[in-house]
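Listed below are the residues making up each chain.
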Amino acid sequence: MGLFHRSGGYSVFIPEIDAEHRATFKLVDELAAALNSRARGARGKAIESLLALLQDHFAHEERLMRESGYDAFEWHKGQHDAARRKVKRFARRIEEGDRKAGVEMIEYLASWLQSHVSVSDRMMAAYLRNFERRRAA
Ligand SMILES: [Fe+2]
Ligand SMILES: [Fe+2]
């Protein structure tokens with residue numbers, strides 16, 4: 001059992017976004033497992049993949065919000081930016097050999113993702129679905 005409940009409770013009902021969220025949750029779980037292993041390579045790889053995935057995912061959401069004229073764009077991007085800064089700082093500490101940084105990053109991300117996805121991303125997705133519906137009509 002991972003850090004996230006898999007009951008579909010995090011669905012925002014946009015398939016590509018949901019797939020990216022699932023991939024992110026999976027990588028956080030994998031990183032949590034890698035932190036417990038002695039293999040340094042596995043840890044570095046998991047951190048790298050997670051950072052890359054987060055950057056791509058945030059950029060994807062920000063593009064969709066910008067293209068659709070979402071009025072809470074700045075607020076939502078501000079949350080992404082705060083997470084970007086935090087995660088970069090954790091990654092640096094991990095690189096420098098700080099033993100607590102990995103666990104702290106997992107705890108931070110698990111809680112940040114759960115609240116961000118279930119509130120901010122859901123608000124965004126509801127808007128995007130309406131936007132698409134209006135455009136298709
Ligand atoms: Fe988001
Ligand atoms: Fe998201």
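Computed from a predicted model, the values in this text were never measured in an experiment. (Residues numbered from 1 in each chain as written. Chains lettered and ligands numbered in written order. Predicted model: local features only at pLDDT ≥ 70, side-chain atom pairs only at ≥ 80, totals over all residues.)

## A closer look at the nonpolar core
Across soluble globular proteins, you tend to see nonpolar side chains buried next to one another. For clarity, the threshold we go by: Put simply, a nonpolar core is a cluster of buried Ala, Val, Leu, Ile, Met, Phe, Trp, Tyr and Cys residues tied together by C-beta atoms within 7 Å. Our exposure labels follow a C-beta count within 10 Å of each residue's own C-beta, placed from the backbone: buried means 20 or more other C-beta atoms, exposed means 12 or fewer, and partly exposed covers the counts in between. Helix and strand assignments come from DSSP, with helices taken as H or I runs of at least 4 residues and strands as E runs of at least 2, each series counted from the N terminus.
Formed by 17 residues in total, the largest nonpolar core has its most connected members in L27, V28, L31, A46, I47 and L50. Sorting the residues of this core by element identifies helix 1 (15-36), helix 2 (40-68), helix 3 (73-95) and helix 4 (101-136) as the ones contributing at least two each. The dominant element in this core, judged by the number of residues it contributes, is helix 1, at six residues. L64, M65, M124 and L128 belong to the second largest nonpolar core, which has five residues in total.

## As for the environment of H76
The condition is simple: By definition, residue pairs are in contact when their C-beta atoms, positioned from the backbone, come within 7 Å.
Positionally, H76 belongs in helix 3. A sequence separation of 47 residues divides H76 from M123, and the C-alpha atoms of the two residues are 9.7 Å apart. In this structure, H76 is in contact with M65, S120 and M124, ignoring residues within four places of it in sequence.

## Some thoughts on the environment of L64
Inspection of the secondary structure assignment puts L64 in helix 2. On the basis of neighbour count, L64 is assigned to the buried category, with 20 C-beta atoms found within 10 Å. Along the primary structure L64 and M123 are separated by 59 residues, whereas in three dimensions their C-alpha atoms are 13 Å apart.

## Details of helix 2
Quick note on the threshold: A helix's residues, less one, multiplied by 1.5 Å, set its expected span.
The end-to-end C-alpha separation of helix 2 is 42 Å, in line with the 42 Å expected for 29 residues at 1.5 Å each. If you follow the buried residues of helix 2, they end up packed against helix 1, helix 3 and helix 4. Of the residues one or two after helix 2, G69 is the one with positive phi, at around 65 degrees.

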